[in-house]
Structure formats: structure tokens, C-alpha cells
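# A look at the structure
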Amino acid sequence: MRRILVTGGNGFIGSHTSINLLQKGYDVLILDSLVNSSKGFYEKIKNLANKIDSKSLSRISFVEGDIRNSKLLDEIFKKSIIDNKRIEGVIHFAGLKAVGESSKDPFKYWDFNFIGTFRLIEVMEKYKCRTLIFSSSATVYGYSKDLLISEKAAVKPINPYGYTKATIENFLKNIFEISRDKWRIACLRYFNPIGAH
């Protein structure tokens, strides 16, 4: 069974993604600090997954915790190996996301978003888990004269939130460039995601 770690999996995009992963037959481990969600969302995920396929409940689990906690991350990866459910990839949604708040408290955003991602990558490398999908943001583009922004548009963030996402993208690009034969990384930039199960 292929296991995927979904950081921030209780959030809006993370919850939809977790359900889709279960539908595709993956084992899903959600890690969420509950800063932007609640445990009730995990129960909703399980209820929806059960309606889709009752067997999926045995393939989903939840850990409450912060990705900045290297010890916790280490324990999660180690336990997955002991349980013979090695984490094969990570979909990384965890982070703070309010543009206005980021301008009022940039320290908090750099700590949660960048330091959190840095700790996650350190542990992934330690356990040779080198497949990552990073939830970035169209905020990295800043202001644009174009109504339709191309993926190739200039990255010019205008707030701390956007800067953290752009910096993480550059960090991941550096990681990829020094070990192209090992790492598989995708950065997804989106505007206002919608969806419903």
C-alpha cells in the first residue's frame, strides 16, 4: 500500500485531496496542527470516505502536530517504516495563508511557512522520501496588468505571505537542482480553489 503524508490535510484543499487519494487506493496520513482547522474536519473526511468506500477507513490516519517539530516528523517517518507503511511522498499544504495577517506579523509567517518546510525537507531527506508536491500560491505573482496570468509570469510577491511561498519555491528548486536524479518536486500555484464532495 502506497502511503502519502498530507501536511495540513484537515484544511480545505488538504481535505479534498485526502479524500481523492483514498479514492485512488492510497494510504493517507494527515498531519495537521489544527491552527486553521479543527478535529471535526477529520471526522468529516472519514464520513465522506466511508460513503465512498467503507474499506478506506482502514487507510486513513491523523496526527495532530506542527511541521516545525523535527522530533515529531522523525517519529512519524520512523513509525511508518516500523508499521511497514513507508511514506512514499508528501503533499505539503501546511502553513499560514492570510495575506493581511502576514503583513502584520511577518515573523510568524516566516517561522510557520519557511522554517516548517525546511524542517519537513530535512526529515524527508533523512528517510529518503524525495517526492513532494508543494502547495504554493498565485500570490507569488503580485500585481499583474494581465487578466490571465501565465505560469511564466514574473514572480514578484508584494507581501510576506507571497514572499514565503516564493522563497520556498526557490529553496525547493535548489534542492532539486543538486540532486535531479533523486528528488521529484512539483509546486502548485493556484488562486481561489473550490470544490465539494
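These notes cover the structure that comes with them. All values reported here derive from a predicted model rather than from experimental measurement.

## Some thoughts on empty space enclosed by the protein
The full count for this structure, using the stated rule, is one cavity of 30 Å³ or more. Empty space within the largest cavity amounts to approximately 30 Å³. Counted by class, the lining of the largest cavity contains five nonpolar, no polar and one charged residues.

## Focus: the side chain of N159
Relative to the helices and strands, N159 resides in the loop between β5 (131–135) and α6 (160–178). Within the local environment of N159, its side chain forms a polar contact with the backbone nitrogen of G162, the two atoms lying 2.7 Å apart. Excluding anything up to four places from it in sequence, N159 contacts V99, S102, S103 and T139.

## Focus: the packing of helix α3 (residues 70–82) against helix α5 (residues 106–126)
Look at α3 against α5: their axes get within 10 Å of each other, and the N-to-C directions meet at 35°. The chirality of how α3 crosses α5 is right-handed. Taken together, the residues of α5 that come into contact with α3 (itself represented by S70, L73, D74 and F77) are R119, L120, E122, V123, M124 and K126. Classifying every residue of the contact of α3 with α5 by side-chain character gives five nonpolar, one polar and four charged.

## Some remarks on the nonpolar core
Formed by 25 residues in total, the largest nonpolar core has its most connected members in L5, F77, I87, V90, I121 and M124. Elements supplying a minimum of two residues to this core: β2 (27–32), α3, β4 (87–92), α5, β5 and α6. Ignoring anything within four residues of it in the chain, the contact list for M124 reads F77, V90, C129, T131, L132 and W183. Core analysis: the next-biggest nonpolar cluster, separate from the first, contains 16 residues, I4, L22, I30 and A49 among them.

How each quantity is defined
- Residues numbered from 1 in each chain as written.
- Predicted model: local features only at pLDDT ≥ 70, side-chain atom pairs only at ≥ 80, totals over all residues.
- Heavy atoms only, no water.
- 1 Å grid on protein atoms, 1.4 Å probe; cavity = no way out; pocket = protein on both sides within 12 Å on 5 of 7 lines; lining within 4 Å.
- Points joined across faces, edges and corners; volume = space filled by probe spheres on them.
- Nonpolar A, V, L, I, M, F, W, Y, C, P; charged D, E, K, R; others polar.
- Helix = DSSP H or I, 4+ residues; strand = E, 2+ residues; numbered from the N terminus.
- Polar contact = N/O pair within 3.5 Å; in protein donor to acceptor, adjacent residues only side chain to side chain.
- Contact = heavy atoms within 4.5 Å.
- Axes fitted to C-alpha atoms, helices over the stretch in contact; angles between N-to-C directions.
- Left-handed = near helix turned anticlockwise from the far one by under 90°.
- Core = buried A, V, L, I, M, F, W, Y, C linked by side-chain atoms within 4.5 Å.
- Buried < 20%, exposed > 50% of the residue type's maximum accessible area, 1.4 Å probe, protein only.

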